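Structural characterization, general
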Amino acid sequence: MASAETLARMKAAVGPKGYLDDAADMAPYLVERRDLYKGRAAAVLKPASTAEVAALMRIAHETGTPVVPQGGNTGLVGGQIPFETGDEVILSLQRMNRILALDPANNTLTVEAGVTLAAAQAAAEDADRLFPLSLASEGSCQIGGNLATNAGGTAVLHYGNARDLVLGLEVVLADGRIWESLKGLRKDNTGYDLKQVFLGSEGTLGIITGAVLKLFPRPRAMATGFVAVPDVEAAVKLLRLADAATGGLVTSFELIPRIGIDFVVKHLPGASNPLKAPSPWYVLIELSTGDDSGALALSFEALLGDAMEKGLVTDAALASSQAQRAAFWRMRESMSDVQKLEGGSIKHDVSVPVSAVAEFIARATRAVEAALPGIRPVPFGHVGDGNIHFNLSQPVGADTAAYLARWDEMSAIVHGIVRELGGSISAEHGIGRMKRDEIAATKSTVEMELMRTLKRALDPKGILNPGKVVSAG
Ligand code: ZN
């Protein structure tokens with residue numbers, strides 16, 4: 001437990017605006033939005049500068065006080081939530097929300113960690129550039145959290161994961177030292193790429209306080225289609241056909257099952273299926289380019305014609321306006337929310353090679369249906385990245401608590417198939433608390449030892465987000 005004296009020193013380091021210690025004020029920082037993880041904390045510290053973060057970490061290191069870094073608190077695996085002991089302090093980056101620089105010739109944007117993803121996107125757009133990271137929670141998630149968790153989202157197919165969008169970082173280490181490397185270099189071959197150690201480390205190796213992000217040309221034209229496909233294999237073939245036919249202009253390629261669209265139509269006000277005839281599967285496909293001559297729409301139509309001839313697409317609706325494009329995306333983005341209204345949902349965020357997606361979905365569906373007749377699989381997501389959110393809605397009329405009590409049993413089935421296919425049990429959501437023990441049981445001894453070696457070297461006292469990602473020892 002942080003002593004009263006330690007807490008007083010930490011509060012003094014950030015000033016009266018820099019902390020919360022009243023239970024009601026702290027409450028929103030102590031629970032994640034799905035209510036899966038709740039914790040307690042001695043205080044919520046809100047430093048306004050890198051120097052203040054460093055001062056806090058010097059005190060934490062000296063006194064052995066555990067620190068939980070937190071961004072927009074949108075994580076889905078409990079990484080940003082303290083444990084129930086109340087020993088930890090939360091270090092929120094939300095006041096460090098300044099855009100520091102934009103270099104249009106270098107195509108870079110330099111930000112503090114607490115800038116929201118939406119604000120970073122807007123800053124890029126103001127300069128006629130694109131920052132392509134895009135997630136359902138972009139209005140409230142923060143860049144520091146996006147980078148600490150190596151966030152994925154709907155544009156990974158074309159632009160890569162969060163870790164691919166970073167040129168430079170500033171990190172406060174466990175002992176309060178500052179590693180300042182806010183460089184905008186696309187080539188820097190001077191030894192270990194240290195930033196990659198911190199990207200995706202979920203606040204267990206250091207606290208990201210700033211970053212230099214890569215910008216891209218803003219697309220001038222987009223073509224968005226909602227298409228019906230007969231099966232998942234056809235969806236994957238369509239992806240490769242679209243890739244080849246457009247020379248790599250496919251920026252999103254999202255799979256949605258029929259049951260997902262049924263849920264959307266039932267629960268999302270104003271939503272309707274743009275395609276008349278029912279289909280077992282749908283794909284939301286988006287192409288983008290800097291060429292606004294109208295050629296994109298023509299090549300999209302040609303592509304879909306070709307795909308229909310080949311039997312890969314049975315029906316298609318093309319967005320003819322920005323409003324229609326938004327309506328297509330709203331169906332995809334609401335996929336998790338509508339499942340909430342169908343009772344308990346057991347969720348998986350897994351990846352397999354793209355070539356194995358169809359086999360994975362078929363095998364995992366059969367296996368969970370055999371284990372629990374009536375279970376309703378809703379596999380959707382980033383098929384172009386081999387990343388499927390293999391969510392399982394409870395049988396109609398089942399008792400929700402009894403259903404959710406079978407979470408580990410269902411996960412063991414699904415993750416077993418994932419491993420057999422050479423996949424990953426966490427494609428884009430990270431490890432946090434949820435999967436800590438499971439990765440230890442599934443990664444090789446050598447891999448776990450390398451991870452623990454890094455943890456011990458960078459955080460010898462084990463004060464940075466302890467109990468997340470890797471266990472001590
Ligand atoms: Zn996703």
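Figured I'd write up the structure that's included with this text. (Residues numbered from 1 in each chain as written. Predicted model: local features only at pLDDT ≥ 70, side-chain atom pairs only at ≥ 80, totals over all residues. Heavy atoms only, no water.)

1. As for the overall build of the protein
In terms of regular secondary structure, the protein is built from 17 helices and 19 strands. A compact globule built from 473 residues should have a C-alpha radius of gyration of about 23 Å, and the protein, at 23 Å, falls within 12% of that. The dimensions of the protein, computed from C-alpha atoms along their principal axes, are 70 × 55 × 45 Å. Long-range contacts, defined as pairs at least 24 residues apart, comprise 73% of the intrachain contacts of the protein with a sequence gap of at least 6. (Helix = DSSP H or I, 4+ residues; strand = E, 2+ residues; numbered from the N terminus. Rg over C-alpha atoms; globule rule 2.2 N^0.38 Å. Contact = heavy atoms within 4.5 Å.)

2. Some words on the sheet that holds strand 2 (residues 43-45)
Across the sheet, which stays open at both edges, the 4 strands sit in the order 1-2-4-3 with mixed pairing between neighbours. Each having just a single partner strand, strand 1 (19-20) and strand 3 (67-70) make up the two edges of the open sheet. Inspection of the sheet shows strand 3 paired to strand 4 (residues 89-92) by 4 bridges, in the parallel sense. Paired with V68 across the strands is I90, a residue of strand 4. The strands touched by helix 1 (residues 4-14) within the sheet are strand 1, strand 2 and strand 4, with strand 2 carrying the most contacts at an inclination of about 30 degrees. (Pairing = 2+ DSSP bridges. Axes fitted to C-alpha atoms, helices over the stretch in contact; angles between N-to-C directions.)

3. Quick look at the pattern of salt bridges
A complete count under the given rule lists 26 salt bridges for this structure. Between R34 and E32 there is a salt bridge; the shortest N-O distance is 3.7 Å. Across the pair D193 and K195 runs a salt bridge, and its minimum N-O distance is 3.0 Å. When its relative accessible area of 15% is taken as the criterion, K195 is described as buried. What you see here is one network of salt bridges that share partners, running through E125, D128, R218 and R220. (Salt bridge = Lys/Arg side-chain N within 4 Å of Asp/Glu carboxyl O. Buried < 20%, exposed > 50% of the residue type's maximum accessible area, 1.4 Å probe, protein only.)

4. Describing the side chain of Q339
By secondary structure assignment, the location of Q339 is in helix 12 (residues 335-340). For Q339, a relative accessible area of 0% gives the class buried.

5. Digging into unusual backbone geometry
Negative phi values dominate among residues other than glycine, just as trans dominates among peptide bonds. In the Ramachandran plot, D128 falls in the positive-phi region, its phi being about 60 degrees despite a non-glycine side chain. Position of D128 among the secondary structure elements: in the loop between helix 4 (117-126) and strand 7 (129-130). For D128, a relative accessible area of 30% corresponds to the partly exposed category. Phi at N465 takes a positive value of approximately 45 degrees, unusual for a residue other than glycine. Structurally, the position occupied by N465 is in the segment after helix 17 (445-458).

6. A word on the environment of K11
Considering the arrangement of structural elements, one finds K11 in helix 1. It is 21 Å that separates the C-alpha atoms of K11 and G206, two residues lying 195 residues apart in sequence. Setting aside anything within four residues of it in sequence, one finds K11 in contact with Y19 and D21.

7. Re the coordination of the zinc ion
For the zinc ion, the protein coordination sphere consists of H382 (NE2), H389 (NE2) and E428 (OE), at 1.8 to 2.2 Å. Counting gaps between the donor residues of the zinc ion yields the pattern H-x6-H-x38-E. Relative accessible area serves as the criterion here: at 6%, H389 is assigned to the buried category. (Donors = N, O, S within 2.8 Å, 3.2 Å for Na, K, Ca; no water.)

8. Brief notes about the sheet that holds strand 10 (residues 207-214)
As summarised here, the arrangement of the 5 strands in space is 5-6-10-8-9, forming an open sheet in which the pairing is antiparallel. Each of the sheet's edge strands pairs with one partner strand only, and the pair in question is strand 5 (99-103) and strand 9 (178-181). Direction aside, neighbouring strands of the sheet carry axes that sit 15 degrees apart on average. Taken strand by strand, helix 3 (residues 50-63) contacts strand 8 (166-172), strand 9 and strand 10, and its axis lies near 45 degrees from that of strand 8. This element, helix 4, spans strand 5 and strand 6 (108-112) of the sheet and lies at about 35 degrees to strand 5.

9. Here's the deal with the pairing of strand 9
In the sheet, strand 8 pairs with strand 9 via 4 bridges, with the strands oriented antiparallel. Each residue of the ladder has a partner; that of V172, found in strand 9, is I178. Adjacent in sequence and paired antiparallel, strand 8 and strand 9 are bridged by 5 residues, among which G176 carries a positive phi angle near 95 degrees.

10. Remarks on the side chain of K455
Here K455 lies in helix 17. In this structure K455 comes out as buried when scored by relative accessible area, which is 12%. Looking at K455, its side chain comes within polar contact range of the main-chain oxygen of L464, at 2.8 Å. The residues touching K455, leaving out its near neighbours within four places in the chain, are T204, L205, P460, L464 and V470. (Polar contact = N/O pair within 3.5 Å; in protein donor to acceptor, adjacent residues only side chain to side chain.)

11. Comments concerning the packing of aromatic side chains
Evaluated as defined, the whole model comprises 5 aromatic pairs. Centre to centre, the rings of F226 and Y282 are 5.0 Å apart; their planes meet at 15 degrees, and the pair counts as stacked. Note that F226 is positioned in strand 12 (residues 221-229) and Y282 in strand 14 (residues 281-289), a separation of 56 residues in sequence. No difference in accessibility class separates F226 from Y282, as the two residues are buried. Both rings, one in F226 and one in F328, keep their centres 5.8 Å apart while their planes meet at 40 degrees; by these two values the pair is tilted. Note that F226 is positioned in strand 12 and F328 in helix 11 (residues 322-333), a separation of 102 residues in sequence. (Phe/Tyr/Trp six-rings, centres within 6.5 Å; stacked < 30°, edge-to-face > 60°.)

These results come straight from atomic positions and should not be treated as a statement about function.
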